[in-house]
Every structure is written in C-alpha cells, then in structure tokens.
Amino acid sequence: MEHYERQLEEARQFIAARDDFLVVSHVQPDGDAASSTVAVGWLLAQLGKTFCMINEGSVPQRLSYLWSYDRIVNYAEQPPRRQFQNVICVDCADFARVGKVGQLFAEGADVLNIDHHPTNDSYGSVNLIKADAAATAEILFDLLKRFEIEWSLDIAEAIYTGLLTDTGGFRYSNTTPKVMAAASELLQYGVKGHQLADHLLEQLTMPHVLLLTKALSRLSFAANNKIGWIYVTPEDMRETGAVNDDLEGLVNYPRNIEGVEVGILFKQIDNEAVKVSMRSGPGANVAEIAHSLGGGGHVRAAGCKVYGALDDVIKQVIERVKQAL
Ligand code: 5GP
Ligand code: MN
C-alpha cells in the first residue's frame, strides 16, 4: 500500500477505535485551520462520537457561516477544566502551534496529527501528513471518503473553504488537478463558490484598508528590490481599530511587486517580539528561512516569531533572506 494510503487507513482506525476527542488547530486560525477543525468535528458527529473543538483564541468572524462555528471553544475566554486522552490536531506543523490548548492534552495523550506543512515534525502518535496537499482540508476530503457517511452541504462548504483559502482562490501553484476535481465535486453539494470567494477573498474590512495605507507608506526594499517589506506596529493597530484578522493579505502587497522575490510583513507584537510573515516567488524557499528562525510553513508562504526590538528583527531577517537568495 502506498504510504499516504496507509496513513489514511491508520487515521481512520485511530478515529473509529476511540471516543471523546479534543479537536484543535493552530493559534490565530486561518480559513484552512478553522475549516479543518469543523470538518473533523462534523465527521465525529456523524459517527456519534463526543468531541470538543477548541482554539487558543477566537476564530475570525468572517468564518462564522461554517458548520458549528459557535461550538469552537475560545480557550482564552473559557478554558475547560479537564484534559483529553484523544486529540486530533489539524493544520499544525508542530506541537507548539496549538498554543495554550496543549495544556489540555493528558499525560501520554494519543495524538492524531493531520497536516500539509513540509516542516511538520511528526509529533503525533499517528501522523497523516501530505506535504504536497494544497490544504489540510484536501487531506480531510480523502479521509472522510473512508467512512460510510452521507456527505452534505455543511461538510462540502467547510472543505471547499479550506481549499479556496489555502490556494488563494485556486490560483497558487498548489492548485492541482486533484484540488479542482475535489472542488468540482463539492460544488455539486450546493456550495456557492462565487459567494465564498467574494466573502473571503475580495471583501476588505475598513481597518484593513486603513492599515494598508500606513503600511505602504513605509514600503522598503533590499537586495536590488528582490526583497520588499512593510511593517505594522501596535499603535497602527490601535489607531485603525484593527484586529489580527485585518492583517490578512497585507503581505501580498510587497510580494506582488515586479522583481520582488520575497515579500515580508513584520507585525510588532510588543517591544520584545515580532511576528514575521513571508511570501515568495519561484526563486526562494521561505519555509527554510522561517524554519531557520524557529518558525515554519510552506515553500511560498511561511512565518515565524522573532524576539527582539522591531528594528533589530527587521535587520536580522533581511540579512537571513539575503543569504538565502
Ligand atoms: P502567515 O504568514 O499567514 O501567518 O503564515 C503562513 C504560513 O506559515 C502558514 O502555513 C502558517 O501555518 C505558517 N506559519 C506562520 N507562522 C508560523 C510559526 O510561527 N511557526 C510555524 N511552524 N509556522 C508558521
Ligand atoms: Mn493549511
């Protein structure tokens, strides 16, 4: 049996043999993370299993149409007073990505790790990792096919959302024939693809636009314009009324400029730490760069958290990117 097929079967058995699950994804969940969380929850509900979906923080409001969005517990607001023996992690490249929810894992917990990041370190007891999958939702599409359950609009919409967001609207190089075939099948359940694309990819929040004007006014370049970057500070966030969700897509501006090979967004968290988002063209592997800085991600989209003052972090990261180019 092919490696991926064997992993799918192990994952199926992991789920079939157990009950009472914790389902968790990464901190500051994106479309794929949230969709994958509810897709696993939906599967468990179909199988008559009990489960708890938890994230370290809130899940973006724009994803509130997802099945059982309201059931995803915000750990920061209501930390459950119990631990779980059975855990399913989705879209998390390493254990640290689950954040504080890791405290809910029982000692020696059985962990099913479902992910598509090439930097995944196989931290699970069972690992279902497909590094060339466009989204974790694509892996779940395959996994859910292995159960005898009736598919519905709810699950189709969730999986479609993960595919749509992680492929940038079916445009990135991870948009394979398999992704398009899956999307085609999901549309047949009644998913309104155009409405989701407009809602998730076209609509801009007002704080996002205000933040964009500030960020672009500081657009800077290095290495003969092969590196382009912008930054935002906590003051910018306050002044524009922005929350983390409003940062989505900002990093694409430096990245999309002619000649730029690596686009970077530096988001100052406080005086001690900066969140770094990187996007690259075919010339650079930002997963490797982010990994060398303690983070991870994909070849074309990766990130990390770097400790230090904003100016120092910018210098350090630009130097590292220059070396990589
Ligand atoms: P973003 O820049 O949109 O936050 O993240 C881009 C990609 O890099 C995503 O696939 C995300 O999971 C990954 N990523 C972002 N920040 C980190 C990090 O601190 N650690 C790891 N391991 N991956 C990250
Ligand atoms: Mn993903």
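Further up the page is the structure itself.
Residue indices follow the written sequence of each chain, beginning from 1 at its first position. Going through the entries in the order they are written, you letter the chains from A and number the ligands from 1. Local features in this predicted model are restricted to residues whose pLDDT is 70 or higher, and side-chain atom pairs enter the listing and the counts only when it is 80 or higher, whereas totals over whole chains, interfaces and linings include all residues. Heavy atoms throughout the structure, all of them, feed into the side-chain values; hydrogens and water do not.

Participant: Hey, could you run me through the overall build of the protein in this one?
Facilitator: In this description a helix means any DSSP run of H or I spanning at least four residues, a strand means any run of E spanning at least two, and both kinds are numbered starting from the N terminus. Counting secondary structure elements, the protein contains eleven helices and twelve strands. Atoms counted for the radius of gyration: C-alpha only. Globule rule: 2.2 Å times the number of residues to the power 0.38. Computed over C-alpha atoms, the radius of gyration of the protein comes to 19 Å, within 12% of the 20 Å expected from 2.2 N^0.38 for 325 residues, which places it in the range of a compact globule. C-alpha atoms of the protein, sized along the principal axes, occupy 55 × 40 × 40 Å. Every residue pair with non-hydrogen atoms within 4.5 Å of one another is taken to be in contact. Considering only intrachain contacts with a sequence separation of at least 6, the fraction spanning at least 24 residues in the protein is 64%. A total of about 14800 Å² of accessible surface is found on the protein, and carbon and sulfur atoms cover 48% of it. Neither His nor the chain ends contribute to the count of charged residues, in which Lys and Arg are positive and Asp and Glu negative. The location of each charge is read from NZ of Lys, CZ of Arg, CG of Asp or CD of Glu. Across the protein, the 29 positively charged side chains and the 42 negatively charged ones have centroids separated by 2 Å. Only the protein chains shown count as covering a residue, and every accessible area follows the Shrake-Rupley method with a 1.4 Å probe.

Participant: Explain the coordination of the manganese ion (ligand 2) here, please?
Facilitator: Under perfect tetrahedral coordination by four donors, a metal shows angles of 109.5 degrees; under perfect octahedral coordination by six donors, it shows angles of 90 or 180 degrees. Donor atoms (N, O, S) are those found within 2.8 Å of the metal centre, with the cutoff raised to 3.2 Å for Na, K and Ca; water is not part of the atom list, so apparent gaps in a site can occur. Only D32 (OD), D91 (OD), H116 (NE2) and D166 (OD) from the protein reach the manganese ion (ligand 2) as donors, at distances of 2.2 to 2.4 Å. Each donor residue of the manganese ion (ligand 2) lies on the same chain, and together they follow the pattern D-x58-D-x24-H-x49-D. In this pair, D91 is assigned in the loop between strand 4 (84-90) and strand 5 (105-115) and H116 in the loop between strand 5 and strand 6 (126-129), connecting sequence segments 25 residues apart. There is no split in this pair, since D91 and H116 are both buried. To sort residues, take the accessible area from a 1.4 Å probe on protein chains only and compare it with the maximum for the residue type: under 20% means buried, over 50% means exposed, and anything in between is partly exposed.

Participant: Honestly, the pairing of strand 4 in this entry has me stumped. Any pointers?
Facilitator: Two faces belong to every sheet, and in a regular strand the side chains alternate between them. In terms of residue burial, strand 4 counts as a mostly covered element, since six of its seven residues are buried. Here four bridges tie strand 1 (residues 21-24) to strand 4, and the two strands are oriented parallel to one another. Within strand 4, the position partnered with F21 by the bridge is N86. Strands were regarded as paired on the criterion that DSSP finds at least two bridges between them. Across six bridges, the pairing between strand 4 and strand 5 is parallel. Directly across from N86, in strand 5, lies its bridge partner D110.

Participant: How should the packing of aromatic side chains be read in this particular structure?
Facilitator: Each aromatic ring pair is summarised here by two numbers: the centre-to-centre distance and the angle between the ring planes. Any two rings among Phe, Tyr and Trp, with Trp reduced to its six-membered ring, count as a pair given centres within 6.5 Å; such a pair is stacked if its planes are under 30 degrees apart, edge-to-face if over 60, and tilted if neither. Scanning all chains against the criterion turns up four aromatic pairs. These aromatic residues form a ring-pair network of at least three members: F141, W151 and Y189. The ring of Y4 carries the charged tip of K130 above its face, separated from the ring centre by 5.3 Å. Comment: the charge-over-ring label is applied if NZ (Lys) or CZ (Arg) is within 6 Å of the ring centre and within 35 degrees of the ring normal. We note K145 situated over the ring of W151; from NZ or CZ to the ring centre the distance is 5.1 Å.

Participant: In this structure, what is going on with the environment of V313? I would like to understand it.
Facilitator: Among the secondary structure elements, V313 is positioned in helix 11 (residues 310-324). Ignoring sequence-local partners within four residues, the contact set of V313 consists of F266, V274, V276, V306, Y307 and G308.

Participant: Just checking my understanding: could you explain the site of ligand 1 for this structure?
Facilitator: In the region of ligand 1, 14 residues are neighbours, and R97, H117, K275, S277 and R279 sit closest. In this structure, an oxygen atom belonging to ligand 1 sits 3.1 Å away from a side-chain N or O atom of R97. Backbone polar atom of G303 to an oxygen atom of ligand 1: 3.3 Å apart, as the coordinates give it. Surface burial for ligand 1 is 82%, taken as the share of its 490 Å² of free accessible area covered by protein chains. Considering each element in turn, the shell around ligand 1 owes the most residues, four residues, to strand 12 (residues 301-307). Side-chain classes are defined by residue name, with Ala, Val, Leu, Ile, Met, Phe, Trp, Tyr, Cys and Pro counting as nonpolar, Asp, Glu, Lys and Arg as charged, and the others, Gly among them, as polar. In the shell around ligand 1, the residues fall into three nonpolar, seven polar and four charged. Think of it this way: one heavy atom of a residue within 4 Å of a molecule or strand is enough to make that residue near it. The definition of a polar contact used here is a pair of N or O atoms within 3.5 Å, where within protein one atom must be able to donate a hydrogen and the other to accept one, and adjacent residues in sequence count solely through side-chain atom pairs.

Participant: Just to check I follow, could you spell out the sheet that holds strand 2 (residues 51-55) for this structure?
Facilitator: Note: strands within a sheet are paired through backbone hydrogen bonds, in either parallel or antiparallel orientation. The parallel open sheet is built from six strands, whose spatial order is 3-2-1-4-5-6. The sheet terminates laterally at strand 3 (73-74) and strand 6, the two strands that pair on one side only. In this analysis, axes come from line fits to C-alpha atoms, helices being fitted only over the stretch in contact, and the angle between any two N-to-C directions falls in the range 0 to 180 degrees. Here helix 1 (residues 3-17) sits on the sheet in contact with strand 1, strand 4, strand 5 and strand 6, set at roughly 130° to strand 6.

Participant: Help me understand the pairing of strand 1, please; the structure alone is not making it clear to me.
Facilitator: Because side chains alternate across strand 1, one face comprises the buried residues F21 and V23, and the other comprises L22 and V24, equally buried. Across four bridges, strand 1 lies against strand 2 in parallel orientation. Looking across to strand 2, one finds that V23 is bridged to M53. Consider the strands pointing away from the viewer: the crossover is right-handed when the path from the first strand over the helix to the second runs clockwise. Assessed by its sense of winding, the connection that carries the chain from strand 1 through helix 2 (residues 31-46) to strand 2 is right-handed.

Participant: When you look at the sheet that holds strand 10 (residues 273-280) in this model, what are you seeing that I'm missing?
Facilitator: Pairing is mixed in the open sheet, where six strands are placed in the order 7-8-9-10-12-11. Two strands bound the open sheet, and with one partner strand each, they are strand 7 (220-222) and strand 11 (296-297). As defined by bridge partners, strand 7 adjoins strand 8 (residues 227-232) across three bridges and the pair is classed as antiparallel. By the bridge assignment for strand 8, A222 is matched with I227.

Participant: Before we go on, may I ask you to explain the nonpolar core in this structure?
Facilitator: Where a protein is soluble and globular, its nonpolar side chains tend to be buried together. Counting residues in each nonpolar core, the largest one holds 55 residues, and the members touching the most others are I15, I88, I114, L143 and I159. In terms of nonpolar packing, the next biggest core, distinct from the first, is built from 23 residues, A222, V276, A290 and I318 among them. We define a nonpolar core as any set of buried Ala, Val, Leu, Ile, Met, Phe, Trp, Tyr and Cys residues linked to one another through side-chain atoms lying within 4.5 Å.

Participant: Just checking my understanding: could you explain the side chain of D246 for this structure?
Facilitator: Within the fold, D246 resides in the loop between helix 8 (234-240) and helix 9 (252-255). The term salt bridge refers to a side-chain nitrogen of Lys or Arg lying within 4 Å of a carboxyl oxygen of Asp or Glu. Despite its burial, D246 pairs with no opposite charge; the closest candidate is R62, at 7.1 Å N-O. A distance of 2.8 Å separates the side chain of D246 from the backbone nitrogen of V243, its partner in a polar contact. Dropping the residues within four chain positions of it, D246 is found in contact with T205, P207, H208, L211 and G241.

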